[in-house]
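Observations on the model geometry
Spelled out from the first residue to the last, the chains are:
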Amino acid sequence: MEQIINLLINGISTGMLIFLLAAGLTLIFGLMDVLNFAHGGFFAWGAYCGVWFYSVTGSFMLSIVFAMAVGLILGAFTEKVIIKPVYGNHIMQILITLGLMLVLTEMLKVFWGPNQLSSTAPEYLSGSWQIGNVIIIKYRAFIIFVGLLVFGIVQFILKKTRIGLIVRAGVMNKEMVQALGINIKRVFMYVFMVGSAMAALGGAMLGPYTGSIYAEMGLEFAILAFIVVVIGGMGSFTGSLFAALLVGLNQSFLAYYFSELSLAANMLLMLVVLIFRPQGLFSVRG
Amino acid sequence: MMKTLLKVDSIETYIGHYHILHDISFEVHQSEVVVLLGRNGAGKTTTLRSIMGLNPPSSGAITFKDQNIHGLPTYKIANLGIGYVPEDQGIFNYLTVEENMRVAMKKQDAAHEERLEWVLGLFPDLKKFWKKEGGHLSGGQKQMLSIARAYVNENELLLIDEPSKGLAPIIVEKVMESILEMKKTTTIVLVEQNFMMASRIGDRFYIIDDGKIAFSGSMKQLNEDDQLKKKYLGIA
């Protein structure tokens, strides 16, 4: 029983990290119709910048803020320079963002070398709590807390503010939003920046979770994030949380019981969803 | 002499490789309803989309209140005071009726709230379904929501694309009454295949055939010309 609870917490925290990556991806795809294969690169850059800034300043919280700021800047640059010329052209988007993903990955090696970097959680987030026979690792609880906090904040913005209303409307019908006098391209840029910052946040939180980071991690997590976007429904923010938790739990339990099957099982999960609900579990297209 | 609000001057519009509009020119004067008539695929919808900048013309000029709007992005054209009701109604299906209206409102101040209340007075059904998602409305309710949304700001010109399409006659009557009420305060370009509706609402007409203006005149003139109606609109 204790093992199951531990696997559950492990799965939920992994799911939250994937959610941070997938949530931005799903909004970017839903609103902008942009297939951004470089999104994992922002995640990896967030991880490296977080670890580096933490080693320089000794402040874990500041390192998270720094990683998110880097994500925002990378997002703004990517949208303005890389994505803007290829709006509406999916093939070009795939090619150019895959190229950017490779560049971002290689640039990490240029700055920090080809080897893995080790990463630790700050003292106040290290260790664990014991409740009966169940051991709850503090850092995993912290990830779950941050994931839920981000979900709550973004959900509040989407549901209770005008910009959120515009984003939701834009996901359903971009053309109509423009015909109502709203500059959708500016909204595109904000969403892209926020999505990139969320990916960087996820990356910054991953380091102390796994203990080490490496340049190719962005691509690996991006695959999981794409699976989440497809399962959750393209453009659905709530769907991405639900699907990320599903994938995280799937990963956690299968990695424990049948370690070789974990990625294949997620693919299988996606396949089943695609067969029975091709639009994903939570569709938002109008 | 009536002031010209919108002037479309020799526009040519392509969609992909297809040349849809050929040298289309027409004028819309303040406070009138101009109806664009023609068979399916004649280019009426593309004409409205060209004005809105959704299918920008490759050449020609479009002026609104003496300002050239050709080449402007759609949102700037809309902000100059042009409301658009697309053929597919453009309802945000997962937003409530209230959210559909509020996303269109340029400001949320007292004056705009007052305008919203007034517009809802013209479309009382919308108030009944205020918290219902747009996707759950009937075809007629969706059409009313789409028209009300375009009218919630004080737009000087409304472009309305086939408001009677797919609606039951009794609903068409309701939509028509609403448009007649709106006609008192705004200028309208109406694309319509329902000739009964067009002739009751319209002041002047342009017939578009194969992407070209084939004929124009007053609605009264068209009403009396059976040959013209038969030739271009397929009605005896």
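Note that the coordinates shown come from a computational prediction; the quantities given were computed from them, not determined experimentally. (Residues numbered from 1 in each chain as written. Chains lettered and ligands numbered in written order. Predicted model: local features only at pLDDT ≥ 70, side-chain atom pairs only at ≥ 80, totals over all residues.)

A tally of helices and strands in chain A yields eleven helices and four strands. Computed over the C-alpha atoms, the radius of gyration of chain A is 18 Å, within 12% of the 19 Å expected from 2.2 N^0.38 for a compact globule of 286 residues. Reported as C-alpha extents along the three principal axes, the dimensions of chain A are approximately 60 × 45 × 35 Å. When each of the 286 residues of chain A is scored for burial, the buried share is 50%. (Helix = DSSP H or I, 4+ residues; strand = E, 2+ residues; numbered from the N terminus. Rg over C-alpha atoms; globule rule 2.2 N^0.38 Å. Buried ≥ 20, exposed ≤ 12 C-beta atoms within 10 Å, placed from the backbone.)

Within the largest apolar cluster, 157 residues are counted, with the highest numbers of intra-cluster contacts made by I18, A200, A225 and V228 of chain A together with L159 of chain B. If one sorts the elements of this core by residue count, helix α8 (residues 184–210) of chain A sits on top with 16 residues. Setting aside its immediate chain neighbours within four residues, V228 of chain A contacts I18, A22, S240, A243, A244 and V247 of chain A. (Core = buried A, V, L, I, M, F, W, Y, C linked by C-beta atoms within 7 Å. Contact = placed C-beta atoms within 7 Å.)

Residues and elements named next belong to chain B. Here four strands make up an open sheet; going across it, the order is β2-β1-β4-β5 and the pairing antiparallel. Taken across any chain shown, the strands that pair with only one partner, and hence form the sheet edges, are β2 (18–29) and β5 (67–68). Note that strand β4 (residues 59–64) and β5 share two bridges and pair antiparallel. Bridge pairing in β5 links T63 to N68. (Pairing = 2+ DSSP bridges.)

Residue and element names in this part refer to chain B. Reading across the sheet, the six strands line up as β6-β7-β8-β3-β9-β10 and stay open at both edges, with mixed pairing between neighbours. Of all the strands in the sheet, just β6 (82–85) and β10 (212–218) have a single pairing partner and so form its edges. On average, adjacent strands in this sheet sit at an angle of 15° to one another, irrespective of strand direction. Pairing between strand β3 (residues 33–37) and strand β9 (residues 204–209): four bridges, direction parallel. By the bridge assignment for β9, V34 is matched with R204. Against the sheet, helix α6 (residues 139–151) contacts β6 and β7 (157–161), and its axis sits at roughly 170° relative to β6. (Axes fitted to C-alpha atoms, helices over the stretch in contact; angles between N-to-C directions.)

On to the packing of α6 of chain B against helix α7 (residues 169–183) of chain B. Residue and element names in this part refer to chain B. Following both chains from N to C, one finds α6 and α7 inclined at 10°, their axes separated by 10 Å at the closest point. In terms of axis orientation, α6 runs roughly parallel to α7. Touching G140, Q143, M144, I147 and Y151 of α6 are I171, K174, V175, S178 and M182, all from α7. Classifying every residue of the contact of α6 with α7 by side-chain character gives six nonpolar, three polar and one charged. (Parallel < 35°, antiparallel > 145°, perpendicular 65-115°, else oblique. Nonpolar A, V, L, I, M, F, W, Y, C, P; charged D, E, K, R; others polar.)

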